[in-house]
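# Understanding the architecture of this molecule
As a plain string of letters, each chain reads:
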Amino acid sequence: MADVHYEKGDYTVIGSRQPYLDAKDKVTGRLNYVSDIHLAGMLHGRALRSPYPHAKILSIDISEALKVPGIKCVLTGKNVEQQKWGPATKDEYLLAVDKVNFVGDEVAAVAGVDEESCEEALSKIKVEYEVLPAVLNMHDAMKEGAPLIHPEFPNNVNHHLFIPRGDIDEVFKNAYYVHEGKYETSLEYQAYIEPMGGVSTWDSNGNLTIYAGIQTPTWSRYDYAVALNIPVEKIRIVQPPFGGGFGAKLSQQVHPLGALLSKYAQQPVRFFLDRVEDFQCGLPRVPMYMDIKTAWSKEGKYLGKKVNILADNGAYGSYGIPIVLTAMYRIDIMYQVSVLHSECNLVYTNKVPTGCFRGFGNSQMHFVHETHLDEVAEHLNIAPDELRLRNIAVPGYLNPHGWKTNSVEIEKCIEQGVGDSNFHEKRKKYSAMNTANDDHIKKGIGMAATVHVSGNRSFIKPFEGAAVLLRMNEQGKIYIYSNEPDMGQGIRTTLSMCVADALKVDFEHICVPDPDSNIVPFGLGCFASRGTYMATGAMRMAVDDMKSKLITLAADVLNVDEKDLELKEGAVVCISDPSKKAPYAELAWKHVCDNPGQHILGIGHFTPAGVEYPDATKYNNISGGYAFGCHVAEVEVNTKTGQIKVPELWGIHDVGQAINKLALEGQIQGGMAQGYGWALMEHLRHNDKGKVINACFLDYQLPTAADIPVIHADVVDSFEWTTGFGAKSIGECCFNATAPAIQNAIYNAIGIRFNELPITAEKVLKALNEKKAEEGK
């Protein structure tokens, strides 16, 4: 695509505060979610799962299960046609064949007339196992003599990555100050409202339709075609509204397994995980251990960074490779650093497979890096915000990986975050208070900066971009077809606002149907915070195309020169004589009659300029728009109990042109609330038998409304000139910096750092007692 430079428009709807178009239906219970779908003759599906983290399957007896009334089929890895699949590494069967690799691995599946008959059938399946030694800790995975999980991956290493840029040893040798730290992040569950699942049905010609709660409805057909060993064109995916995803609902085992049951049962099958299964078999955040070492000048110039990462893939690959790649180097576009070395081992363990989650590896690195920077600032006696400001990226910055910034307003974000929170005044005040009195409540304030992409070119090789199709029906109503679907982030409303603004039409004349891969333009879906940037880029072209056609039609109808026409209130109006106007409905009907049956179409497609798939050394710009932000956290630490209270958070972001300010505030508040939970509470725990021990909302600690701090969300003035309406991303950027900001605030309060998430009251109290013992108090 040619290098374009869009200018900010005189918007009337864009930049306003618009409630979600489907908000009333959601809050009144009218909206049908994917789990509400019921097809005629529909069966229910359930899976029998391994009770062992690592074991050979010696035999499976399904004879008694087949006798259960209402059961239509019982499948095992030995009686179905399947092949290994996976979005990044093809290492997983839909049903285990000879060996299981984690507690929850699918061993058999049944389809029956109701869930009760399915459960009874599962209870009658007899499986004989030979239990094998298991790897339950990523630090043990590569040790000599460790059990091998996948024979084709020696030392349990799924992937080793190394990205060197410059002579890092020379930098360390000549630096004024070198700082090193080790940090570890936890296994976090996405906790969306609606568990993973879908409804599958086949027609008599072998065509499959899956109604799925999925973020990548068209692209995932390629993964599922491999799993089911059928041509891609045989698969149609319809994406009804679904209850959240947070990154987890890309290609996932549950959809093709449900389709497999439907194929053998020869009836539609509803296959959803229950909540316990969703905890045990979902794709929680990839835990990472990082050893980071940085080099600095006396004046605080950032000279070099070296990082080694060990990442826990769990039992299967899923999206592990792109996630760790992101962890290795995405943050390198936020600071100007000329020498960078990153190395990573992605290892298998006999635990739940890990996968995509808001932040996608970047959040793990943010916790590490933004904690590390505060430590450096203290050693160099430079304020934490000042150290960042001395090194932040500027517009046009080309980093050592070949990534280039366009719009950059991170300086505004930091300055507003620091100013709004009275950061410096409170640090000084709390420091004096915490040392001057014996109050058991210690206060602190901390900050962190954040960056994320608006689309990640390194994720899918064939192309990057999006397409939008607009169709005006014979009544003048405009339908929007896009493959960047709504998963709760409000993109239906975002795209509708762009249409309303550009074509001057009210929302009652705009409709966004559910994405159907047989109808919508081909697209990659919503991940890597790409939806708004890509879809509105394509929308710009689509509305321009439709506008041009409307004006040409109206010029003929009104007998007016095209240059004397403008769009206004759902009509094309003569500028010099406003009494002459052609409502869209009249133009649309004329078009249908003059071109029998044909609606007015607006077609747009968008590819970000200057973005290329990375070469073998991982070099080339991966995103057209880098979004930035600053988070500030204020904490109160109870030194008697270790309890941490976070009264207030500030999140200031550079999102380019804000499309829907109400939705943006919601995204920022939601992302920061999730970051708060990751920092202080959430940890999916396994016992020494490899079983998740807190697989329910009673035991898995998750913040509730009563816990969430007051969150001040705002955006700075910005415009990303590479995309039609100037918008960048927010979905993941608003999560990344909350945990390190809280960590830095806790240190400010009590002088202790916790380099392993989550920072629980138990850890805080233990550390405080150890500190007292060391000080002889």
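Above: the structure in question.
Let us look at the structure shown here.

### Observations regarding the pairing of strand β23 (residues 600–606)
- Burial along β23 is one-sided: Ile-600, Gly-602, Gly-604 and Phe-606 are buried, while Leu-601, Ile-603 and His-605, pointing the other way, are not.
- In this structure, strand β17 (residues 466–472) lies alongside β23, joined through 7 bridges in antiparallel fashion. Opposite Ala-467, over in β23, you have His-605 as the bridge partner.

### Some words on the environment of Lys-442
- With respect to the element layout, Lys-442 can be found in strand β16 (residues 441–452).
- Look at Lys-442 and you get buried, because its relative accessible area is 13%.
- With near-sequence residues (within four places) excluded, Lys-442 lies in contact with Asn-434, Asn-437, Val-635, Glu-636, Val-637, Thr-639, Ala-749 and Ile-750.
- Polar side-chain contacts of Lys-442 include one of 3.0 Å to the backbone oxygen of Asn-434.

### Points about the packing of helix α5 (residues 220–228) against helix α6 (residues 254–265)
- Contact geometry of α5 with α6 gives a least axis separation of 10 Å together with a crossing angle of 45°. It follows that α5 is oblique to α6 by the angle criterion. Of the two elements, α5 crosses α6, and the hand of that crossing is right-handed. Along its contact with α5, which presents Tyr-224, Ala-227 and Leu-228, the element α6 presents His-255, Pro-256, Ala-259 and Leu-260.

### Section: the nonpolar core
- Among the nonpolar cores identified, the biggest contains 108 residues, and Ile-309, Leu-680 and Ile-742 are the most heavily contacted of them.
- Leaving out residues up to four positions away in the same chain, Ile-309 has contacts with Met-288, Tyr-289, Met-290, Ala-327, Met-328, Glu-343, Cys-344, Asn-345 and Met-365.

### Brief notes about the packing of aromatic side chains
- The tally for this structure, following the rule as stated, stands at 26 aromatic pairs.
- Between Tyr-302 and Tyr-335, the aromatic rings sit 6.2 Å apart at their centres with planes inclined by 50°, giving tilted as the arrangement. Taken as a pair, Tyr-302 in strand β14 (residues 302–314) and Tyr-335 in the loop between α8 (320–329) and β15 (339–348) lie far apart in primary sequence, 33 residues in all.
- When its relative accessible area of 2% is taken as the criterion, Tyr-302 is described as buried.
- Here Phe-463 and Phe-522 contribute two aromatic rings whose centre-to-centre distance is 5.8 Å and whose plane-to-plane angle is 45°, an arrangement assigned as tilted. Residue Phe-463 is found in the loop between β16 and β17, and its partner Phe-522 is found in the loop between β19 (510–511) and α14 (531–558); the two are separated by 59 residues along the sequence.
- An aromatic cluster of three or more residues is present, and its members are Tyr-189, Tyr-192, Phe-279, Phe-697 and Tyr-700.
- The aromatic ring of Phe-357 is capped on one face by Arg-285, whose charged end is 4.0 Å from the ring centroid.
- Looking at Lys-293, its charged tip hangs above the ring of Phe-172, at a distance of 4.7 Å from the centre.

### Regarding the sheet that holds strand β13 (residues 288–296)
- Strand order in the open sheet formed by 5 strands is β7-β15-β14-β13-β8, with mixed pairing between adjacent strands. Because the sheet does not close on itself, it has two edges, and the strands there are β7 (157–165) and β8 (177–184). Each strand axis lies, on average, 5° off the axis of its neighbour in the sheet, ignoring direction.
- Pairing geometry for β7 and β15, over 8 bridges, is antiparallel. Its bridge partner lying in β15, Ile-163 is registered against Ser-342.

### Thoughts on the packing of helix α16 (residues 661–680) against helix α18 (residues 738–750)
- Close contact between α16 and α18 brings their axes to 8 Å; oriented N to C, the two are set at 55°. Relative to α18, the element α16 is oriented oblique. The interaxial crossing formed by α16 with α18 has right-handed handedness. Along the contact surface, α16 presents Gly-671, Met-672, Gly-675, Tyr-676, Trp-678, Ala-679 and Leu-680, while α18 presents Thr-738, Ala-739, Ile-742 and Ile-746.
- Looking at the contact of α16 with α18, its residues break down into 8 nonpolar, 3 polar and no charged.

The rules behind the values
Residues numbered from 1 in each chain as written. Predicted model: local features only at pLDDT ≥ 70, side-chain atom pairs only at ≥ 80, totals over all residues. Heavy atoms only, no water. Buried < 20%, exposed > 50% of the residue type's maximum accessible area, 1.4 Å probe, protein only. Helix = DSSP H or I, 4+ residues; strand = E, 2+ residues; numbered from the N terminus. Pairing = 2+ DSSP bridges. Contact = heavy atoms within 4.5 Å. Polar contact = N/O pair within 3.5 Å; in protein donor to acceptor, adjacent residues only side chain to side chain. Axes fitted to C-alpha atoms, helices over the stretch in contact; angles between N-to-C directions. Parallel < 35°, antiparallel > 145°, perpendicular 65-115°, else oblique. Left-handed = near helix turned anticlockwise from the far one by under 90°. Core = buried A, V, L, I, M, F, W, Y, C linked by side-chain atoms within 4.5 Å. Phe/Tyr/Trp six-rings, centres within 6.5 Å; stacked < 30°, edge-to-face > 60°. Lys NZ or Arg CZ within 6 Å of the ring centre and 35° of its normal. Nonpolar A, V, L, I, M, F, W, Y, C, P; charged D, E, K, R; others polar.

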